[in-house]
Amino acid sequence: MKKTLALVVSVTFLSSLLTSPAIAAVKAGATCTKAGSTSIVSSKKFTCVKSGKKLVWDKGVLIPVEKPFAPAASPTSFEDLSSHLDGIIYSAWLKANQQIQGASSPLGNVKILVGPNTTEIDKQSGDSLSLLAKLFANSPQVKNLTVIKYSKADIEWAQQQYESLGPNNKRAGAAASYCLDSSGCRGGIAGINANGDGVILLGQGGDYGYPDVNGGAIGMDGFVLSHEYTHTVQASNATCRNGKGCYGNLPQWLMEGGAEWSGSVSRFSGKYSDYLTFRTRNLSNKYSDATKFPPDWITTFLNPYPVFLPDQDNWAYWTKFPSGNVYTIGLMATEILVSIKGPGAVMKLYEGVGGGQTFVDVFKQEFGIAWSEACPLIANAISSELARGIKK
């Protein structure tokens, strides 16, 4: 009796399998059952669509596969820069990222003044300042910082606020000078006063000439603010000449390029691809013709044998070059220094000069090579990147 029942059950089960409808393979033109449903087969995404009175799978679209990021080897010395070009940018960004992630913010008291007729672009400026402060957490920074944000409607107000704080590098007409563009005010100036407090004048509402990675004008505002705050850190470390600062006893490209790199790498420290996108947009349109920037030209620009004299206009040397290069070539040169020894080493140059050393002496002390020897190696690496196109 049990055997007979088992046979009946087996036959019934087999019969049900034989009579079940077959599931059609998912491929272009094959029948499907529900319009709009999707299926992924062999890296293709198929969608069920209506064709006449039938539902069929469409031709499918390839699903892009993002290749995992594999960083190139980092340079370990100036001598191997040329053989490690692909590792320079990422190495510098990574060292900055690790520094920021591992540091507590030493940012002091921050006061942000906004003009009575001005719309503040970025109300999260404290975040940008904190990231930059972490980048140089091991270096002296200002205990108090005032940021003056203004638009064309508040130029006179901004200048009054700026002059009342008495920065040592105070400039007549500074506020108006950042509002010459028809689109609004952009850029800024930073310094420290006799009390060692930081002062930043920051234009609002202008067109910066190239798009931001994300956040539009907000991102640009955060980047420019971080750039300017870097100048207060530089000035705080190169405190000499009766407190007026001797950052002019270091190359101008190091000051502006260092701030350009620091401002962007801290603003985009959370995601390398964002930093790389921003860097590309910042640099690529300026160096479309790389033949104008051979290694010898860049070596001369960086100046392998600088002489910086007290109370002199040491930056007059760079007036014979297009002004933008102190920012952009300076950024790439700073990036190389950081890739070899980290962001703190760059600020140590300011600290050494502030303590009475010459730039060339403190450079050799910090990097273990004479500046005159390192300079052409840095120039060759920069020229090589320009020759093959700014990395995207």
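See the structure above.
(A) Examining helix α7 (residues 252-267) more closely. Between its first and last C-alpha, α7 extends 22 Å over 16 residues, near the 22 Å set by a 1.5 Å rise per residue. The buried fraction of α7 is high, at 15 of 16 residues.

(B) View of the nonpolar core. Ranked by size, the top nonpolar core spans 82 residues in total, and within it Phe78, Leu302, Phe363 and Ile378 carry the most contacts. No other element matches helix α10 (residues 325-341), which puts nine residues into this core. Residue contacts for Phe363: discarding those within four places in its chain leaves Phe78, Leu337, Leu349, Gly368, Ile369, Ala370, Trp371 and Ala374.

(C) Main features of empty space enclosed by the protein. Within this structure, the stated rule accounts for one cavity of 30 Å³ or more. Considered as a void within the structure, the largest cavity measures approximately 90 Å³ in volume. Considering the residues around the largest cavity, the lining is formed by Leu85, Ile88, Ile89, Arg279, Met332, Glu335, Ile336, Ala381, Ile382, Glu385 and Arg388. Every element with two or more residues in the lining of the largest cavity is listed here: α2 (85-102), α10 and α13 (371-388). In terms of residue count, the dominant contributor to the lining of the largest cavity is α13 (four residues). Across the lining of the largest cavity, the residue classes tally to seven nonpolar, no polar and four charged.

(D) Geometry of the state of the cysteines. Applying the stated criterion to the full structure yields three disulfides. There is a disulfide in this structure between Cys32 and Cys48, and the S-S distance comes to 2.0 Å. The chirality of the disulfide connecting Cys32 with Cys48 is right-handed, given an S-S dihedral of about 85°. Taken together, the residues span a long stretch of sequence, with Cys32 in the loop between α1 (2-19) and β1 (38-41) and Cys48 in strand β2 (residues 44-51) at a distance of 16 residues. In this pair, the class of Cys32 matches that of Cys48, namely buried. Covalently, Cys179 is tied to Cys185 through a disulfide, its sulfur atoms 1.9 Å apart. Between Cys179 and Cys185, the S-S torsion sits near 105°, and that sign places the bridge as right-handed. Cys185 shares its class with Cys179; the two are buried.

The rules behind each value
Positions within a chain are numbered from 1, following the residues in the order the chain's sequence is written. Local features in this predicted model are restricted to residues of pLDDT 70 or higher, and side-chain atom pairs are both shown and tallied only at a pLDDT of 80 or more, whereas totals for entire chains, interfaces and linings draw on every residue. Remark: hydrogens and water are excluded; side-chain values derive from all non-hydrogen atoms of the structure. By definition, any uninterrupted DSSP run of H or I lasting at least four residues is a helix, any uninterrupted run of E lasting at least two residues is a strand, and each is numbered from the N terminus. To estimate how far a helix should extend, the number of its residues minus one is multiplied by 1.5 Å. Relative accessible area decides the class of each residue, using a 1.4 Å probe on protein chains only: under 20% of the type maximum gives buried, over 50% gives exposed, and in between gives partly exposed. Among buried residues, the Ala, Val, Leu, Ile, Met, Phe, Trp, Tyr and Cys ones that are joined through side-chain atoms within 4.5 Å form a nonpolar core. In this description, contact between two residues means that some pair of their heavy atoms is separated by no more than 4.5 Å. Cavities and pockets are defined on a 1 Å grid built over the protein atoms alone: a cavity is a set of grid points where a 1.4 Å probe fits but cannot escape, while a pocket is an open set with protein on both sides within 12 Å along at least five of seven lines, and lining residues are those with an atom within 4 Å of any such point. Grid points are joined across faces, edges and corners, and a volume is the space filled by probe spheres set on the points. Classes in brief: Ala, Val, Leu, Ile, Met, Phe, Trp, Tyr, Cys and Pro nonpolar; Asp, Glu, Lys and Arg charged; the others, Gly included, polar. Working definition: a disulfide is two cysteine sulfur atoms within 2.5 Å of each other.

These values are about where atoms sit, not about what they do.
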